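Fold and geometry: a report
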Amino acid sequence: MGIIRLLLAIAVFNSHFPFLEMPVVDGHEAVLAFFAISGFYMALILDRNYANPGCFYTGRFLSLYPIYALALTVSVALLVTLDIHPMSGLDKMRQLMSDPASFIIMMWTSACVFGQEMLFSLGISPDGGLHFAKAGSNGLWANAPLIQAWSLSLEITFYALAPLLVRLRTRTLAAMVVVSLAAKLCVMNSAYADVAFFKRCFPLELWLFGSGILSYRFFRTLNPKSEAVDYFAFFFLAGFIFVVGDIDDAFEPFALPAATLLALPFIFRGFLAFRLDRHIGKISYPFYLLHFSVIAVFEEYRDEPSGWHILMCALLASILVHFIFNPGTEHLKQRIRSRGQSLLKEEQTVLSGVSSFKP
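Reading the values: rules and limits
Residues numbered from 1 in each chain as written. Predicted model: local features only at pLDDT ≥ 70, side-chain atom pairs only at ≥ 80, totals over all residues. Heavy atoms only, no water. Helix = DSSP H or I, 4+ residues; strand = E, 2+ residues; numbered from the N terminus. Rg over C-alpha atoms; globule rule 2.2 N^0.38 Å. Buried < 20%, exposed > 50% of the residue type's maximum accessible area, 1.4 Å probe, protein only. Contact = heavy atoms within 4.5 Å. Areas by Shrake-Rupley, 256 points an atom, 1.4 Å probe, with all protein chains shown as cover. Lys, Arg positive; Asp, Glu negative; His and termini not counted. Charge placed at Lys NZ, Arg CZ, Asp CG, Glu CD. Salt bridge = Lys/Arg side-chain N within 4 Å of Asp/Glu carboxyl O. pLDDT = per-residue confidence, 0-100. Polar contact = N/O pair within 3.5 Å; in protein donor to acceptor, adjacent residues only side chain to side chain. Patch = residues over 30% accessible without salt bridge, like charges linked within 9 Å, V, L, I, M, F, W, Y side chains within 5 Å. Phe/Tyr/Trp six-rings, centres within 6.5 Å; stacked < 30°, edge-to-face > 60°. Expected span 1.5 Å × (residues − 1). Disulfide = S-S within 2.5 Å.

A few words now on the overall build of the protein chain. If you tally the helices and strands in the protein chain, you get 13 helices and two strands. For 359 residues, the compact-globule estimate of 2.2 N^0.38 gives 21 Å, and the protein chain sits close to it at 22 Å. Projected onto its principal axes, the C-alpha coordinates of the protein chain cover approximately 75 × 50 × 45 Å. Here the protein chain holds 359 residues, and 52% of them are scored as buried. Sequence separation of 24 or more characterises 77% of the internal contacts of the protein chain that already satisfy a separation of 6 or more. Total accessible area computed for the protein chain in this model is approximately 17700 Å², and 65% of it derives from carbon and sulfur atoms. Averaging the locations of the 26 positively and 26 negatively charged side chains of the protein chain gives two centres separated by 17 Å.

Inspection of the entire model under this criterion finds seven salt bridges. Across the salt bridge formed by R220 and D47, the nearest N and O atoms sit 3.7 Å from each other. Of this pair, R220 sits in the loop between helix 9 (202–219) and helix 10 (228–241) while D47 sits in helix 2 (residues 27–48), and the two are 173 residues apart along the sequence. Taking relative accessible area as the criterion, R220 reaches 54% and is therefore assigned exposed. In this structure, K184 engages E205 in a salt bridge whose closest nitrogen and oxygen atoms are separated by 3.0 Å. In this pair, K184 is assigned in helix 7 (residues 170–188) and E205 in helix 9, connecting sequence segments 21 residues apart. We classify K184 as buried; its relative accessible area is 7%. Accessibility expressed as a relative area gives 1% for E205, which makes it buried. A cluster of three or more residues bridged by salt bridges with shared partners is formed by E227, D230 and R269.

Another point: the confidence of the model for the protein chain. Taken as a whole, the protein chain shows an average pLDDT of 90; of its residues, 94% reach a score of 70 or greater. Low pLDDT (under 50) marks residues 354–359, which in the prediction has zero contacts with non-local residues, meaning those over four places away or in another chain.

Here we come to the environment of T81. Position of T81 among the secondary structure elements: in helix 3 (residues 53–82). Considered as a pair, T81 and W308 are 227 residues apart in the sequence and their alpha carbons are 26 Å apart. For T81, the side chain forms a polar contact with the main-chain oxygen of A77, separated by 2.5 Å.

Together, F103, I104 and M107 make up a nonpolar patch on the protein surface, roughly 300 Å² of accessible area in all. For I104, the location among the structural elements is in helix 5 (residues 100–112). Judged by its relative accessible area of 56%, I104 falls in the exposed class.

So, on to the packing of aromatic side chains. Each aromatic ring pair is characterised by the separation of its centres together with the angle its planes make. Under the criterion given, the structure shown has 33 aromatic pairs. Between F219 and F268, the ring centres sit 5.1 Å apart and the planes meet at 85°, which makes this aromatic pair edge-to-face. Note that F219 is positioned in helix 9 and F268 in helix 11 (residues 252–270), a separation of 49 residues in sequence. For the pair shown, F219 and F268 are each scored as buried. Between the aromatic rings of F232 and F236, the centroid separation amounts to 6.5 Å while the plane-to-plane angle is 15°, which identifies the pairing as stacked. Highlighted residues: F232 and F236, both in helix 10, separated by four residues, approximately one helical turn. On the accessibility criterion, F232 (59% relative accessible area) is exposed. Taken together, F35, F56, Y57, F120, W141, W150, F158, Y159, F202 and F209 form an aromatic cluster joined through their ring pairs.

In this section: helix 6 (residues 150–165). The end-to-end C-alpha separation of helix 6 is 22 Å, in line with the 22 Å expected for 16 residues at 1.5 Å each. Summarising the contacts, the buried residues of helix 6 are in contact with helix 2, helix 3, helix 7, helix 9 and helix 12 (275–301).

A few words on the environment of A101. Within the secondary structure, A101 is located in helix 5. Expressed as a C-alpha distance, the spacing of A101 and G129, which sit 28 residues apart in the sequence, is 5.6 Å. Setting aside its immediate chain neighbours within four residues, A101 contacts G129 and L130.

Moving on, we come to helix 2. Under the 1.5 Å per step criterion, the end-to-end length of helix 2 is 31 Å for 22 residues, consistent within 8% with the ideal 32 Å. If you check the start of helix 2, you find a side-chain oxygen 3.1 Å away from the backbone N of H28, and it comes from D26.

A full pass over the atoms with the stated rule returns zero disulfides. A disulfide-free cysteine, C201 has its sulfur positioned 13 Å from the sulfur of C186, the nearest such atom.

Encoded structure:
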C-alpha cells in the first residue's frame, strides 16, 4: 500500500495547489482513505510486532513525532524569518497570539498535536476570547503552523484505543462500525451537515478505523500466495483516486474509503515482498507534512509556480527526511519490539510455573 499512500498524499497536495487536469479525489476524502489504511496497519503491527500496548505507543510516537517536530520547526521558521505561511502571515499570527485563549489553544495543539481538529470549530470573538464557529472558514485553523496536521489528532485518538479495539470480537467491532457510520449518515442528512465540528469528529470517523481492522482480519483468511486479483485491485484503486472527484457529492465521503477497504487485503498481499513499496509508503508521511510549506515558498518567490516543480521539490525534501530519520527510528523501534517480546516470554514463563505448582 506504499504507492497508494503516496498517491493519496499527492491528492492532498493537489487540493492545496491544483495542477492535475483530472478529477482527482478531494484532499479531505483522501485523508478518510488514510484512516481506513491506518486501521488495517495498526491491526497488523499489533498482531505481529508489539507484545504490549506500551511498546505500541512508544513505537507510534517514534514513527510520528520526530518528523512532525521537524515539519513544525520548518513552518514556524519560515513564518518568523521570512513571513511565509500557506494561508496566514506574521502580523495576523501576532494578533492571534496576543489573545490568551488563542495563544494557549494554538500552542497546545501545535506542540502536542492532539486537538488540532478543534481549530476548525474555534474562532476569535470580537471582544477577545474564543467562540464556537459553525463554519470552518471562521476558525483558527488557517493560522495553524501545520494546517493539514489536524488528521494526526484523529490518528492519535485511534492509536490510544487501538490495543483495545483489536481485541474486540468481530461481531462487536462490526456493530461499532455500523453505529459510527449510521451517526455520520444522520449528521450528513441533518441541519448540522455543514457544521465544521462534525466534519472532523472522531466518533463519526471511527467506522473507517474499525473497518480497517476488519479488513485486516479478512486478509488473514486469504491464501498467502499472491494472485492476479491483487494487481487488479492495485491498478483499480490507483486509477480510482484520479477519477473519483467526478462522483456525486453525496457519495464522495464514502466512495474512495469503501474502495480502499475492499482493495486493501489484496494489494497488501500482492506487494508484501516488495520492500521498495514500504519505503515509498513511509515517504508519504513527511510529504504530507512538508508539502504545504513548499507550496508557500514557491508562491512567495514565483509569480506563476509550476505544480510539477513544487511536487518534485516536496518529494525530494521528503525523501531526504525519510533517509535521515528512518534508520534511527527503525533501530529504536526494533529494540522496543525485542524488549517487549523478551518481557512477554518472561511473563509467560512465570505464569507457566505458577500454573504448574501443586501444593
